[in-house]
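One letter stands for each residue in the lines below.
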Amino acid sequence: MKISVLDQSYVIEGGTPELALEQTTELAQYVDEIGYHRYWVSEHHHSEALAGSSPEVLIAYVAAKTKRIRVGSGGVMLPHYSAYKVAENFNVLSALAPGRIDVGIGRAPGGMPLSTRALQDLQARDIDTFPEQVQHLTSYIDDKWREKQPLPGLKATPVPSHKPEIWMLGSSDNSGIVAGQLGLPYAFAHFINSQPGAMDQAISHYLRTFQASSRLMQPKVLAELEAMKHSILIGSVKTIALKIRALQERYPIEELMAVSPIYDINARKRSYALLQQAVSEADTGKPYR
């Protein structure tokens, strides 16, 4: 099982946004070195507790400071933006870090109503158009928009040799259905919606509605878990390994993405090292070496 990180760039008590972003980069470099698969940064607005309001900018910096790990958004809140501009941003990122860029997209506001109004230039947008926006984004990134109306001939440049990998993020049945119908990999945000049965139902809808696409022939599921939330994962390496194995038996999960909001950066890094041990034990049934 692959293992990854969702980092929210926490502004700790007594700290600064500068320190938060410095620690985001430090953690990315650390998990890159120990073999994590991908590193996603979040999008939050009008928040003094979280410094990551512009994932595209942060992705560029983190990708430049790491060597191997995939870097992406968890996620870009698409209803705020032009799908065309998002495609351009991530095409540039993919040209800068070929084969290492993910564009995770969601439809949540990522903030309070004031920031939503500001992002949408005081013009409220209909979130029901989100599936259409996702279709537009995939067409731009796949360079297939020229075949469709209403803007024939339009290209989202540059067109990199390695396309960014598109992920649908969500915590509801609807997100699973949209991901399935469009043939996209699906990341369920269990740390947002940990209601009993919510993940089962959303993943079930995803699997039921999945249609193979040029991007993905078989369904692909990631579960985002909060490592410090009592109702999800807490305990010794052995205990966590058993819980992860139980998740593997219940869901077709290929990858775990952990959120570990620990105050001290060194303790936070250690939590990811211990989680890596637990995943290894879950996979092999043997103590980590």
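Whatever comes next refers back to the structure up there.
Just so it is clear, the model here is predicted, and its values are computed rather than measured. Sequence order as written defines residue numbering, which begins from 1 separately in each chain. Restriction of local features to residues with pLDDT of at least 70 applies here, the model being predicted, together with a cutoff of 80 or more for giving and counting side-chain atom pairs; totals for whole chains, interfaces and linings are based on all residues. Hydrogens and water molecules were not included; the side-chain quantities draw on all heavy atoms of the structure.

Some points on the environment of G52
Comment: elements are numbered from the N terminus, with helices defined as DSSP H or I runs of at least four residues and strands as E runs of at least two. By the secondary structure assignment, G52 is in the loop between β2 (38-41) and α2 (55-65). What makes two residues a contact is simply this: any of their non-hydrogen atoms within 4.5 Å. Ignoring any residue separated from it by four or fewer positions in sequence, one finds G52 in contact with Q8, S9, S42, E43 and H44.

Quick notes on the packing of aromatic side chains
Any two of the Phe, Tyr and Trp rings considered here, Trp counted by its six-membered ring, make a pair once their centres fall within 6.5 Å; the pair's planes then place it as stacked at under 30 degrees, edge-to-face at over 60, or tilted in between. Going through the model one piece at a time under the given rule, you end up with five aromatic pairs. A ring pair is formed by Y186 and Y206, whose centres lie 5.3 Å apart and whose planes are at 35°; its orientation type is tilted. In this pair, Y186 is assigned in strand β6 (residues 186-189) and Y206 in helix α7 (residues 198-209), connecting sequence segments 20 residues apart. The same class applies to Y186 and to Y206, which are both buried. By way of ring pairs, the aromatic residues Y186, Y206 and F210 are connected into one cluster. Relative accessibility under 20% of the residue-type maximum defines a buried residue, over 50% an exposed one, and the middle range a partly exposed one, all with a 1.4 Å probe and only protein chains included.

Structural notes on the pattern of salt bridges
By convention in these notes, a salt bridge is any Lys or Arg side-chain nitrogen within 4 Å of a carboxyl oxygen on Asp or Glu. Counted by the stated rule, this structure contains eleven salt bridges. In this structure, the salt-bridge partner of D32 is R68, at a minimum N-O distance of 3.6 Å. One end of the pair, D32, is in helix α1 (residues 17-34); the other, R68, is in the loop between α2 and β3 (70-77), and 36 residues separate them in sequence. Given a relative accessible area of 9%, D32 falls into the buried group. Here D102 and R38 are joined by a salt bridge, their closest N and O atoms 2.6 Å apart. A residue pair is termed long-range when its members are at least 10 positions apart, and D102 in strand β4 (residues 101-106) and R38 in strand β2 qualify at 64 residues. R38 gets classed as buried once you look at its relative accessible area, which sits at 1%. Here the salt bridges do not stand alone but share partners, grouping R38, R70, D102, E165, K220 and E255 into one network.

So, the pairing of β4
Within β4, six of the six residues are buried, which leaves the element mostly enclosed by the surrounding structure. Two strands are said to pair when DSSP picks up at least two bridges between them. Sheet topology note: the β3/β4 ladder contains six bridges and is parallel. Residue S73 lies in a different strand from β4, and its bridge partner there is V103. What joins β3 to β4 is helix α3 (residues 83-96), and the crossover it makes is right-handed. A crossover counts as right-handed when, viewed with the strands pointing away from the observer, the path leading from the first strand over the helix to the second turns clockwise.

Remarks on the nonpolar core
Remark: nonpolar core denotes a set of buried residues (Ala, Val, Leu, Ile, Met, Phe, Trp, Tyr, Cys) joined through side-chain atoms within 4.5 Å. Of all hydrophobic cores here, the largest spans 62 residues; its most connected members are V31, Y36, Y39, F90, M168 and I244. Here this core takes six residues from helix α9 (residues 265-284), the largest share from any one element. The residues touching V31, leaving out its near neighbours within four places in the chain, are V5, Y36, Y39, R68, I69 and Y272.

Thoughts on the packing of α2 against α3
Axes, fitted as lines to C-alpha atoms, cover a helix only where it is in contact. Angles between the N-to-C directions of the axes lie from 0 to 180 degrees. Closest axis-to-axis distance for the α2/α3 pair is 10 Å, and the angle between their directions is 0°. Compared by their axis directions, α2 and α3 come out roughly parallel. Across the interface between the two elements, E56, I59 and A60 of α2 pack against N89, F90 and L93 of α3. For classification purposes, angles smaller than 35 degrees are called roughly parallel, those larger than 145 roughly antiparallel, those between 65 and 115 roughly perpendicular, and all remaining angles oblique.

Things to note about empty space enclosed by the protein
Here the term cavity refers to a set of points on a 1 Å grid, laid over the protein atoms alone, in which a 1.4 Å probe fits but cannot get out; the term pocket refers to an open set having protein on both sides within 12 Å along at least five of seven lines, with lining residues being those that place an atom within 4 Å of a point. Grid points are joined across faces, edges and corners, and a volume is the space filled by probe spheres set on the points. As enumerated under the stated definition, the model contains one cavity of 30 Å³ or more in all. Considering only enclosed or pocket space, the largest cavity measures out at about 30 Å³ in volume. Taken together, N91, Y140, I141, D143, K155, A156, V159 and P160 make up the lining of the largest cavity.

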